[in-house]
Structures are given as structure tokens and as C-alpha cells.
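A closer look at the structure
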Amino acid sequence: MISIGGVIGASLFVGSATALSTAGAGALFSYFLCGLLVMCVTRMLGEMTVASPGKGSFVGQIRRGLGLRVGFIAGWIYWIMWATLLGLEAIAAASFLSPYLPLPYLVIELLVIGIMTGVNLFSVRGYGEFEYWFSVLKITTIVVFILIGLSVLFGMKGAASPGGALFSAAGLIPHGLFTLLAVIPGIMLSMAGSEITTIAACDSSDPAGNVARSTRTVVLRIMIFYLISIGLIIFLLPLSRVVPGYSPFLSTLEYIGVPFASAMMTAVMLIATLSALNSGIYITSRILCELAENGDAPVTFLQRNAKGTPVRAILCGCGVAVVVALVGMVAPGRVFGFLVSASGTFILFDYVLIVVAHIRLRRACMARGETPALPMWGFPFLSYATLGALLATLVTMFFATEHTRQEIVLSTISLGVIIVIENISFGRWRRNGYAQAARAGRQAAVPVGASDTSRFS
């Protein structure tokens, strides 16, 4: 449920309007292709995690396959991306709540961040319970939407005959074939989140088993939710009614005459935003804690309370979220846009590293004559095809629009800065005597001797 909820968010309920308005009915093909890519990446993660369940999240698997330096870079770009998203989600939540709460906008943002921080500080069970029910509500919304859409499509509910994009020659691919590729980066970013499974599994009693079960079923279900709901929108909603920034789900419900559609979708989008905040706080704290365990962050972030919660790591991510939210209020133009664009493609960078790590580890496994317990399908052809598609997506972003070009350029510059920092500071915390902390119960790191640090050289 956590994995499903991490992928089904406000980016589906609202962000899908951009893909539909750009690619028309052809966006369904783009969603299908992106779903296949995410499915393959998740399967690769499943293979690596089951083969080595004690290596932490997907960052640990990248570290295992590509080395310590690449693990440093993968972990920090993922942390920066989610810390930035926390601020964005706080701003979005405030926009949904401001009509109902007579409080300053900034106060609402801080309240939302504070409440979700409190949930995560309480215990990992608190995060899990909230995210479970958030996911249930989001999935229920999509199921209800699909049932309503099917009832209209097959004439079981009185409404105007379908007039969607597929029923208009101009709506099939209104802006040319290239738009089918141009919308892929945005769709890929909206589907990002399946890797959350490997992070949450580290706090469960059976990490390898949970990841295996999740990767076998979750991504296929997500593809079904995405493809059926987007397909119904295409069949039911005229292309002229698709407005970027306005939920096509809400537009469809209003078009077919569902009462109270606006209030219902506003509540759902608020839930999706709070879910993203809840997951983001959890993710940033665990990734930062994992970085500290491997000597890639200060040892202070290893400290946990009596319930095993990494308090300082949580507060660090939330502090960055507050800063991003403040910047969004004070400088909503260039500065805020820079922050968003500078981390916009980090998830795609990490996906590329996941695929490369998988290929390298699988070849090493084959050289030893071993067979993975949860093998990736069609290796090596499908693995290389996934890598090529991800790289093609990054190239497409450079040529698609001015906005995506800015994202790829700024994200690449940000990645370069992180690489420079890594080269300057690599091993610094280890050389200062900080150790890896065992995940099973240790509350503080212990200084290591020369014999322990030699393996990091």
C-alpha cells in the first residue's frame, strides 16, 4: 500500500492534464511506455534487494553495484530531490486549505509541515498507519472514478454521449508524433515512487520478502490504475476541456454531471498532497540516516530515540522543507523556479544508476554461476532497452520544451556540483573516525580503527 500510494499522487490527479493537453489521446501510449519502464526498474530493484537484503535501500544496491562514490552521489541527489518536494507539497497543501482556514498562507504551510513531522517523530508505525490509510483513500477514489466512467461509457448512467479526444481526428495526436516523447519526462516523474518500497522495507521484519511481494504485483496494479483512468478521461472528456494545472479527473466528473465533484476532488488532492508530505519526511530521514551509516553524512544523523526514530534526520529534512516553502513565498519567481528545476530530473538520474548497477551485479552473479531468486525478465536485452529508454528520455527533455530544457540543464549543473563536493569530501567522515552503524539496534556510532577504514580507500 505504501508503494502504491507513493506513485499515485497529485501528479496523477492534476499533472496528467499537461500530458493530455500536449499529446491528446496519444498520451495513453506514453503512459503505457512509462509504466513499462517503471515496472522494469522496480523488478531490477527487487532482484538486487532479494539477493542482498542487508544492504539498505536502493541507494545501498547502487553502492554495492557501482561503488562508494556513486552511492554517495545517488543518495544525496535523491535526498535533495525529496527535501525540495517537501516544500512544494507544503505549498500545495496550503493552497487547498487556505479557503477554509482564516490564517496567513505561511502559517498554514508551517502547520502542515509541523503536523506531518509530528506523525513521523512519533514512530515508524505512525508513518505506516497514516500512509496506509492515505493510500486506501487514493485508491478508492480511482476505483470509484473508474466505475463512474465505465457506467457512463456503457450507457448505464444518463449523460451525453462520449465526446472525448479519441472521437476527434484532431485529438488523436494534436501536436505531432514528437509530443508522444515530449510528455514522457513528466509522466516518468509522476510515476516515480516505486523505489520507496526498498526504503520502507528496511523498517519491516522481512525486508527481502516484502520487496519481492511488492515488485511482483504493485507496479502492474499501478499501470492498471493509470491506464484505465487516463483511458476513460480520453474517451469521455473533449480535448478542449483539458486545461493544464486543472485536474482532468475533476473536469471529467463535472462534464458528465457528477454532483459535488469539486468538493470531492479537492479533498482527494489534499489527501494526495499530505500523503506525499508524509512519505517525503520518512524518505528523507531514512536516506540521510543510511548515508550516515555509510560515512557519507555526519554521524549525528544516526541518532535514534527509544522507538528507533531518527529524530535529527527527520528534523533536518523538515527544516529544508520550511526553507523551500519560505523561498516560494518570498521569491516565487526565478529563485523558486530554480530550486524546482535544479532537482527536477534527479529521479531519472537515479533510475539510470539503478539499471547500470543491476546490469553489473547480474553479470557478476552469472560469472559466479549463480541464479537470482527474483530475476529480471529478459536479461540482458530488456535491461539494456530500459537503460536506452531512460537515456533517450533525458535527451528528449533537452529538445522538448524550454521548461524541460531548463530542467535538464540546471539538474545537470546541480549534479556536477554534487560530484565536485563528493571529490573534495569523499571519505572525510570516515577519516575523522566515524563508523558504519549496524541497522539492528545500535543507537550511536563507534569510532573505527585503521583496519576498518582501510577498505574504504
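Residues numbered from 1 in each chain as written. Predicted model: local features only at pLDDT ≥ 70, side-chain atom pairs only at ≥ 80, totals over all residues. Heavy atoms only, no water.

This is how the line gets drawn: UniProt positions are given in the numbering used here, feature names are shortened, and annotations may be inferred rather than shown by experiment.
By the naming in an unreviewed UniProt entry, the chain is GABA permease, taken from Komagataeibacter swingsii. UniProt's Subcellular location (unreviewed entry) comment on the chain is quoted here verbatim: "Membrane".

1. Describing the pattern of salt bridges
Where we set the bar: The term salt bridge refers to a pairing of a side-chain nitrogen on Lys or Arg with a carboxyl oxygen on Asp or Glu at a separation within 4 Å. The helix and strand labels rest on DSSP assignments: H or I over at least four residues marks a helix, E over at least two residues marks a strand, and numbering proceeds from the N terminus. Three labels apply to residues, based on accessible area from a 1.4 Å probe with only protein chains included: buried if under 20% of the type maximum, exposed if over 50%, partly exposed otherwise in between.
A full pass over the atoms with the stated rule returns four salt bridges. The salt bridge involving Arg 362 is made with Glu 47; its shortest N-O contact spans 3.1 Å. A residue pair is termed long-range when its members are at least 10 positions apart, and Arg 362 in helix α18 (residues 346-367) and Glu 47 in helix α4 (residues 27-51) qualify at 315 residues. Overall, Arg 362 belongs to the buried group, its relative accessible area being 12%. Given the relative accessible area of 6%, Glu 47 is considered buried. Salt-bridge contacts for Glu 370 lead to Arg 368; the nearest nitrogen and oxygen are separated by 3.3 Å. By relative accessible area, which is 40% here, Glu 370 ends up partly exposed. Each of Arg 63, Glu 290 and Asp 296 takes part in a single network of salt bridges with overlapping partners.

2. Points about the nonpolar core
Threshold: Nonpolar core, defined: a set of buried Ala, Val, Leu, Ile, Met, Phe, Trp, Tyr and Cys residues in which side-chain atoms within 4.5 Å join the residues together. Contacts: residue pairs with any heavy atoms within 4.5 Å of one another.
Ranked by size, the top nonpolar core spans 123 residues in total, and within it Phe 13, Tyr 78 and Met 188 carry the most contacts. Ranked by residues supplied to this core, first place goes to helix α15 (residues 261-293) with 17 residues. Beyond its immediate stretch of four places on either side in the chain, Met 188 contacts Cys 34, Leu 37, Val 38, Leu 348, Tyr 351 and Leu 390.

3. Digging into a nonpolar patch on the surface
As a reminder, the rule being used: The residues that make up patches have over 30% relative accessible area and no salt bridge, and they are joined within 9 Å when like-charged or within 5 Å when they are Val, Leu, Ile, Met, Phe, Trp or Tyr. Only the protein chains shown count as cover for residues, and all accessible areas are computed by the Shrake-Rupley method using a 1.4 Å probe.
Judged by side-chain polarity, Phe 178, Leu 181, Val 395, Phe 398, Phe 399, Val 409, Ile 413, Val 417 and Ile 421 come together as a nonpolar surface patch covering roughly 800 Å² of accessible area. Breaking the nonpolar patch down by element, the ones donating at least two residues are α10 (178-182), α19 (381-400) and α20 (402-425). Residue contributions to the nonpolar patch peak at four residues, all from α20. Positionally, Ile 421 belongs in helix α20.

4. Side note on unusual backbone geometry
A negative phi angle characterises most non-glycine residues, just as the trans form characterises most peptide bonds. Cis geometry is adopted by the peptide bond preceding Pro 380, which originates at Phe 379 and carries an omega value of 5 degrees. Within the secondary structure, Pro 380 sits in the loop between α18 and α19. Of note in the backbone geometry, Phe 260 takes a positive phi value of approximately 60 degrees without being a glycine. Turning to its location among the elements, Phe 260 is positioned in the loop between α14 (248-255) and α15. Note on Phe 260: relative accessible area 69%, which makes it exposed.

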